[in-house]
Amino acid sequence: MSRVAIVGGGVVGAAIAYELSLCADCAVTLLEREQPAKGSTGAALGVLMGAISRKTRGRAWELRQASLHRYDSLIDELQALTSRVIPYNRQGIVLLHFASGADWPQWQKLQAQRQAAGWPLVRWSRSLLQSHCPQLDLDRHDIDGAIYSPCDRQVDPVILTEALLAGAQQNGAECHFGAEVQEIISQPGQTGQRVSQIEIGSQSFSCDWLVIAAGLGSLPLTRHLQQPLALQPVLGQALQVKLPTLLGVPEFQPVLSGDDIHLVPLGGGHYWVGATVEFPDASGQVAASPEQLEVVWQRAIAFYPALATAEIVRQWSGQRPRPDGQGAPVISPLAGYENVWLATGHYRNGVLLAPATALAIRAAIAS
Ligand SMILES: Cc1cc2nc3c(=O)[nH]c(=O)nc-3n(C[C@H](O)[C@H](O)[C@H](O)COP(=O)(O)OP(=O)(O)OC[C@H]3O[C@@H](n4cnc5c(N)ncnc54)[C@H](O)[C@@H]3O)c2cc1C
């Protein structure tokens, strides 16, 4: 048995714990300093922009495609295993297209590529968009149509994370909450340092592999291991609103996305609206700006005028872990160590890429 310790109980650590719990030769221990999904994951909207992303090749697309392939079966599997209902919108994503963008030829190219890979993208004219999504005010914008991606999804990130952890535990994984990893013990191995033990207060855990999936908390951990991974907190704010009736066609409630504003239907007249993208200052600090949230909210109202009458029932913010100086995410061995993997820095797409990350870690350390 290979003893695998995972630090971090956000969506990424939880997905890795679940995927490894399916391997007969892995004994999994997950350590989370708070409760599940209290970090970036707890703020996410769970929009899974896979097929509709502009990534066409290389690692960025391969990861998206791996997640697209895994997601539907993962949700079915978890619901059956844990008897939990995971809110998962299978009605696709509608991405608004603006005349000023003038990039229909590029979309056509992408459409052909995706079609060949088995992920249809459908171009909607302005009139087709209006008939499918009458909640949109097309007159106030230069929206000249949309791209509809029926294979893209949206999931509740917190409920998903909890279900992944419950599933992992049912499969034999040990999860410890309120367990902050402070000390990591290593010795020289054959090709580099080898981590053998992790300490939490007076408790210690032996391991053959360490996976650091601690989001922004990965920086202090890698610093402790003398291999600091530069990560930047990029803040996002979002809102939950309630309307007396559903927006648009009741039986067609996809995620609507335009100009970086997502409108996420939750059922019962509830919607998530977001999110801001706020970068840290020179000292690395970032505080939620009410003005930036107001900009997002006013833009959302301009697209969907009925929102003006909505009741705002919740407002929150979170910090996305963005790698500094390299692309997101970071899924790689930690330099100088022979048994440490990084699975972090997912920036704006951690919920989307969690299943693909888990598969990559499984391929790297399990047979
Ligand atoms: C407003 C907003 C909207 C977003 N919307 C989307 C979206 O629509 N789609 C999408 O794919 N992504 C979205 N994201 C991005 C997504 O939230 C992140 O990419 C993702 O949650 C990262 O997951 P994670 O598990 O790596 O990190 P986290 O969720 O931050 O989890 C890391 C965990 O590690 C724990 N930890 C840290 N240090 C230690 C330690 N020393 N010991 C023990 N535990 C430790 C923390 O407590 C935390 O729970 C959004 C983010 C924000 C802020």
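Notes on the structure follow. (Residues numbered from 1 in each chain as written. Predicted model: local features only at pLDDT ≥ 70, side-chain atom pairs only at ≥ 80, totals over all residues.)

### Quick look at the nonpolar core
- Counting residues in hydrophobic clusters, the biggest one holds 109 residues, and the most contacted among them are Ile16, Ala17 and Val211.
- Considering every element that reaches this core, the biggest residue donor is helix H8 (residues 350–365), with 9 residues. (Core = buried A, V, L, I, M, F, W, Y, C linked by C-beta atoms within 7 Å. Buried ≥ 20, exposed ≤ 12 C-beta atoms within 10 Å, placed from the backbone. Helix = DSSP H or I, 4+ residues; strand = E, 2+ residues; numbered from the N terminus.)

### Some words on the site of the ligand
- The environment of the ligand is made up of 42 residues, and the closest members are Gly10, Gly39, Gly215, Gly217 and Gly350.
- Going through the elements one at a time, helix H1 (11–21), strand E2 (26–32), strand E14 (231–242), strand E18 (311–323) and H8 are the ones with two or more residues in the shell around the ligand.
- Taken together, the residues of the shell around the ligand break down into 18 nonpolar, 17 polar and 7 charged. (Near = placed C-beta within 6 Å. Nonpolar A, V, L, I, M, F, W, Y, C, P; charged D, E, K, R; others polar.)

### Some words on the sheet that holds strand E9 (residues 174–177)
- Strand order in this open sheet of 6 strands is E9-E2-E1-E13-E20-E19, and the pairing throughout is mixed. Two strands close off the open sheet at either side, each with one partner strand: E9 and strand E19 (330–333). Averaged over all pairs of adjacent strands, the angle between their axes in this sheet comes to 15°, without regard to strand direction.
- Two strands pair when backbone bridges link them, and strand E13 (residues 209–212) and strand E20 (residues 340–344) are joined in this way by 3 bridges, in the parallel orientation. Its bridge partner being in E20, Leu210 is matched across the sheet by Val340.
- The sheet contacts of H1 involve strand E1 (2–7), E2, E13 and E20, and relative to E2 the element is tilted by about 165°.
- Strands in contact with H8 are E1, E13, E19 and E20; relative to E20, the strand with the most contacts, it is inclined by about 170°. (Pairing = 2+ DSSP bridges. Axes fitted to C-alpha atoms, helices over the stretch in contact; angles between N-to-C directions. Contact = placed C-beta atoms within 7 Å.)

### Structural notes on the pairing of E20
- Burial within E20 is extensive, with 5 of its 5 residues counted as buried.
- Burial of E20 is two-sided: the residues Val340, Leu342 and Thr344 facing one way and the residues Trp341 and Ala343 facing the other way are all buried.
- When E19 meets E20, the two strands line up antiparallel, connected through 4 bridges. Paired with Ser332 across the strands is Leu342, a residue of E20.
- Connecting E19 to the next strand, E20, in antiparallel fashion are 6 residues, including Gly336 with a positive phi near 85°.

### Let's talk about the environment of Gln226
- By secondary structure assignment, the location of Gln226 is in the loop between helix H6 (218–224) and E14.
- When the C-alpha positions of Gln226 and Ala335 are compared, they lie 9.7 Å apart, and in sequence the two are 109 residues distant.

### Section: helix H2 (residues 58–82)
- Taking 1.5 Å of rise per residue, the 25 residues of H2 would be expected to cover 36 Å, and the 35 Å separating its terminal C-alpha atoms lies within 8% of that figure.
- Most pronounced at Tyr71, the bend in H2 amounts to some 35°.
- Within the sequence span of H2, burial applies to Leu63, Arg64, Ser67, Leu68, Tyr71, Leu74 and Leu78.
- One or two residues past the end of H2 sits Ser83, with phi positive at roughly 55°. (Expected span 1.5 Å × (residues − 1). Bend = angle between axes of the 7 residues up to and from the residue.)

### With respect to the sheet that holds strand E3 (residues 47–48)
- Pairing in this open sheet of 3 strands is antiparallel, and the strands run E3-E8-E4 from one edge to the other. Only two strands of the sheet have a single neighbouring strand rather than two, namely E3 and strand E4 (88–89).

### With respect to the pairing of strand E17 (residues 270–274)
- A large share of E17 lies buried, amounting to 4 of its 5 residues.
- In this sheet, E17 lies alongside E14 in antiparallel orientation, the contact comprising 5 bridges. Residue pairing for E17: Gln240 is matched across the bridge by Trp272.
- Two elements, strand E16 (residues 261–267) and E17, share 5 bridges in a ladder whose sense is antiparallel. Bridged to Pro265 within E17 is Tyr271.
- Once E16 ends, the chain turns through 2 residues before running back antiparallel as E17, passing Gly268 with a positive phi of about 65°.

### Considerations on the packing of H1 against helix H5 (residues 157–170)
- Running from N to C, H1 and H5 point in directions that differ by 30°, and their axes come no closer than 8 Å. Here H1 is positioned roughly parallel relative to H5, judged by the angle of their axes. The handedness of the crossing between H1 and H5 is left-handed. When H1 is examined against H5, the residues Val11, Ala14, Ala15, Ala17, Tyr18 and Ser21 are found in contact with a partner set consisting of Pro157, Leu160, Thr161, Leu164, Leu165, Gly167 and Ala168. (Parallel < 35°, antiparallel > 145°, perpendicular 65-115°, else oblique. Left-handed = near helix turned anticlockwise from the far one by under 90°.)

### Description of the packing of H1 against H8
- Contact geometry for H1 and H8: axes closest at 8 Å, N-to-C directions at 40°. With respect to H8, the axis of H1 lies oblique. Note that H1 runs across H8; the crossing there is right-handed. Note on element contacts: H8 touches H1 through Gly350, Val351, Ala354, Pro355, Thr357, Ala358, Leu359, Ile361 and Arg362, opposite Val11, Val12, Ala15, Ile16, Tyr18, Glu19 and Leu20.
- For the contact of H1 with H8, a count of residues per class yields 12 nonpolar, 2 polar and 2 charged.

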